Amino acid sequence: MTPEVIAFGEPMLEFNAVEPGSLREVHGYHAGYGGDTSNFAIAASRMGSQVGYLCRLGDDDFGRNFLDLWQSEGIDTRHVVLEKGSVTGIYFVARTGSSHSFLYYRQDSAASHFSSRDIPEQYLRSARVFHSSGISQAISNSACDAVFHAIDVARQAGVLVSYDPNLRPRLWGVGRARAIILETIGLSDFVFPSLEDAQLLTGLEDPEAIADLLLARGPQMVALKLGSGGVLLATPQGRRVFPVHPVEVTDTTGAGDTFAGAFVSCYLQGKSLEECAQWANAAASLTTTGWGAVNPIPGLGAVKKLLDLDLKTV
Ligand code: ADP
């Protein structure tokens, strides 16, 4: 059976320093799973959707770890390719004070070899949502072409297009990134930018003005993620801010990915856009209460429990 949601991008193993300091000083790392669209896929799956993932991985232990992870999450990996002779990307995270620095080893990774030929068109046509991000496009020119091809196939088949701009100036020049991301927003139905990315993309400061500009390009919904300020849900019909849930924040890694995955899953379960924003906001808030991107992603039950608690305290 074809999954309802299909996501594409580059997963990478994360090595997070066990102690503060520069990478020259630290003595060890916690290994974890990274990659925005992989986090998205896991969030959508834990919220109850059938999800498939598309990518190329190195034919190495890290690649096989990812396959194990997705399979243990019930994610369909039949179109994930293990590429002989190539590597799975990795990155290191160092902490100094409250700031983080990243060192990437992903040049010529298996994921960057993904091309339009790797898009399983029939599989995609039978899904309900296709999700990708600005990172999926930034990893290589062929991957960028593949995103546009997949979006084209999806739109022609009436499959909803979901997109997180996730602008990473380290991966590509801002001018090119801006042009490609704005073009992709115009081809998408649901768009999930963070405020910071949207400000860099549009040159505007004000969330309402940003929402106006992005909606004018054509999507039916923009969820502007405002970090600890919650989320602004904007549609051509109206605007509403959903404040965050007052949780004890440990680590916000992957919160935005969880928001998008939970939103899409709730939408497929028949919820209104407002309900989707409410549920996704609760799911993202819960994700910030644990370390790393993957472990703290909640399931449907935990999100429902948090929302029920809210209702009792109203
Ligand atoms: P991204 O991870 O894409 O940069 P944000 O940092 O804006 O996106 O976070 C995404 C969502 O995670 C927010 O819209 C909110 O729902 C939740 N979130 C982020 N920071 C907090 C926080 N400090 N407390 C509770 N929830 C948060």
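You'll find the structure just up there.
Residues numbered from 1 in each chain as written. Predicted model: local features only at pLDDT ≥ 70, side-chain atom pairs only at ≥ 80, totals over all residues. Heavy atoms only, no water.

A. Here's a closer look at the site of the ligand. In the region of the ligand, 16 residues are neighbours, and Lys-225, Gly-227, Gly-230, Gly-256 and Asn-281 sit closest. Take Lys-225: an N or O atom from its side chain is 3.0 Å from an oxygen atom of the ligand. Gly-227 places a main-chain nitrogen or oxygen 2.7 Å from an oxygen atom of the ligand. Protein contact buries 82% of the 560 Å² of open area that the ligand shows by itself. Going through the elements one at a time, helix 9 (255-268) and helix 10 (273-287) are the ones with two or more residues in the shell around the ligand. Here the shell around the ligand gets three residues from one element, more than from any other, and that element is helix 10. Looking at the shell around the ligand residue by residue, the class counts come to six nonpolar, nine polar and one charged. (Near = heavy atom within 4 Å. Polar contact = N/O pair within 3.5 Å; in protein donor to acceptor, adjacent residues only side chain to side chain. Areas by Shrake-Rupley, 256 points an atom, 1.4 Å probe, with all protein chains shown as cover. Helix = DSSP H or I, 4+ residues; strand = E, 2+ residues; numbered from the N terminus. Nonpolar A, V, L, I, M, F, W, Y, C, P; charged D, E, K, R; others polar.)

B. Main features of the sheet that holds strand 13 (residues 238-242). Read from one edge to the other, the open sheet built from nine strands follows the order 5-4-1-8-9-10-11-12-13, with strand pairing classed as mixed. Strands at the two margins of the open sheet, each flanked by one partner only, are strand 5 (80-83) and strand 13. Looking at chain direction, strand 11 (residues 221-225) and strand 12 (residues 231-235) are connected through four bridges and run antiparallel. From the neighbouring strand, Leu-224 faces strand 12, where its bridge partner is Leu-232. Set on the sheet, helix 1 (residues 36-46) makes contact with strand 1 (5-8), strand 4 (51-58), strand 8 (129-133) and strand 9 (160-164); between it and strand 4 the angle comes to about 150°. (Pairing = 2+ DSSP bridges. Contact = heavy atoms within 4.5 Å. Axes fitted to C-alpha atoms, helices over the stretch in contact; angles between N-to-C directions.)

C. Expanded view of the layout of surface pockets. When its volume is computed, the second largest pocket comes out at roughly 150 Å³. Forming the boundary of the second largest pocket are ten residues, of which Phe-242, His-245, Gln-278, Leu-307 and Asp-310 lie nearest the centre. Residues that form the lining of the second largest pocket fall into these classes: five nonpolar, three polar and two charged. (1 Å grid on protein atoms, 1.4 Å probe; cavity = no way out; pocket = protein on both sides within 12 Å on 5 of 7 lines; lining within 4 Å. Points joined across faces, edges and corners; volume = space filled by probe spheres on them.)

D. Quick peek at the packing of helix 9 against helix 10. Two numbers describe how helix 9 lies on helix 10: the axes approach to 8 Å, and their chain directions differ by 145°. Helix 9 and helix 10 meet at a crossing whose hand is right-handed. Two secondary-structure elements touch here, helix 9 through Ala-255, Thr-258, Phe-259, Ala-262, Phe-263, Cys-266 and Tyr-267 and helix 10 through Leu-273, Cys-276, Ala-277, Trp-279, Ala-280, Asn-281, Ala-283, Ala-284 and Thr-287. The residue makeup of the contact of helix 9 with helix 10, split by class, is 13 nonpolar, three polar and no charged. (Left-handed = near helix turned anticlockwise from the far one by under 90°.)

E. Summary view of the state of the cysteines. As enumerated under the stated definition, the model contains zero disulfides in all. Not engaged in a disulfide, the cysteine Cys-144 finds its nearest cysteine sulfur in Cys-55; these two sulfurs lie 17 Å apart. Under the relative-accessibility criterion, Cys-144 is labelled buried at 5%. A disulfide-free cysteine, Cys-276 has its sulfur positioned 5.3 Å from the sulfur of Cys-266, the nearest such atom. (Disulfide = S-S within 2.5 Å. Buried < 20%, exposed > 50% of the residue type's maximum accessible area, 1.4 Å probe, protein only.)

F. Here's a closer look at helix 8 (residues 207-216). Buried within helix 8 are the following residues: Ile-210, Ala-211, Leu-214 and Leu-215. The arc that holds the buried residues of helix 8, viewed along the axis, is 125°, so those residues lie on one side. Where the residues of helix 8 are buried, they touch helix 6 (174-186), helix 7 (195-202), strand 11, strand 12 and strand 13. Just downstream of helix 8 lies Gly-218, where phi reads positive at about 130°. (Arc of directions from axis to C-beta.)

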